[in-house]
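Read off the chains here:
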Amino acid sequence: QVQLVESGGGLVQTGGSLRLSCAASGDTFSYRAMGWFRQAPGKEREFVATISGSGGYTNYADSVKGRFTISRDNAKKMVYLQMNTLKPEDTAVYYCAAKVTPSVGTNTMDYRNWGQGTQVTVSS
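Just so it is clear, the structure is predicted and the values come from calculations on it, not from any experiment. (Residues numbered from 1 in each chain as written. Predicted model: local features only at pLDDT ≥ 70, side-chain atom pairs only at ≥ 80, totals over all residues. Heavy atoms only, no water.)

Let's shift gears to the overall build of the chain. Each helix and strand counted, the chain has zero helices and eleven strands in total. Listing every helix and strand of the chain by position from the N terminus yields β-β-β-β-β-β-β-β-β-β-β. Against the compact-globule benchmark of 14 Å for 124 residues, the chain has a radius of gyration of 13 Å, which places it among compact chains. Structurally, the chain occupies a C-alpha span of about 40 × 25 × 25 Å along its principal axes. By residue count, 44% of the 124 residues in the chain fall in the buried class. Summarising the internal contacts of the chain: among those between residues at least 6 apart in sequence, 60% fall at separations of at least 24. As presented, the chain carries roughly 6500 Å² of accessible surface, and 48% of it is formed by carbon and sulfur atoms. (Helix = DSSP H or I, 4+ residues; strand = E, 2+ residues; numbered from the N terminus. Rg over C-alpha atoms; globule rule 2.2 N^0.38 Å. Buried < 20%, exposed > 50% of the residue type's maximum accessible area, 1.4 Å probe, protein only. Contact = heavy atoms within 4.5 Å. Areas by Shrake-Rupley, 256 points an atom, 1.4 Å probe, with all protein chains shown as cover.)

Pasting the structure below:
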């Protein structure tokens, strides 16, 4: 099984920045698209960002477009989410996830492996 471990969450003021990291195991990392999802208390799990296996294509939720950037380093088997201009509505547990195929995807059903999550709290 592939293991994904997120880190970098914390408490930040409105307008601040955080960078989340996801460390991946396994030998097929570069062939798998990756995604970030989030879930706030009482709400459904929500797509945030996705990146293709090669890193050449990305897609973002409208709510974070222009503020968040997803990236990956296949040599290090790492995925990142740079979050700028944070808002209170960004407060959630953020999850890193891996698809089986290399193409970007926005649906949770397309992701097979999930990390444990990291809490991001943005104060108003």
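On we go from here.
Across all of its chains, the model carries one disulfide by this definition. Across the disulfide from C22 sits C96; the S-S distance is 2.1 Å. Judged by the sign of its S-S torsion, about -75°, the cystine formed by C22 and C96 is left-handed. Taken together, the residues span a long stretch of sequence, with C22 in strand β3 (residues 18–24) and C96 in strand β9 (residues 92–99) at a distance of 74 residues. Assessed through its relative accessible area of 0%, C22 is described here as buried. Looking at C96, the relative accessible area reads 0%, which means it is buried. (Disulfide = S-S within 2.5 Å.)

In this fold, N74 is placed in the loop between β7 (68–73) and β8 (78–83). The sequence separation of N74 and G53 amounts to 21 residues, and the corresponding C-alpha distance is 8.4 Å. Apart from residues no more than four positions distant in its own chain, N74 is found in contact with F29, S30, G53 and S54. Side chain to side chain, N74 and R72 meet in a polar contact 2.7 Å long. (Polar contact = N/O pair within 3.5 Å; in protein donor to acceptor, adjacent residues only side chain to side chain.)

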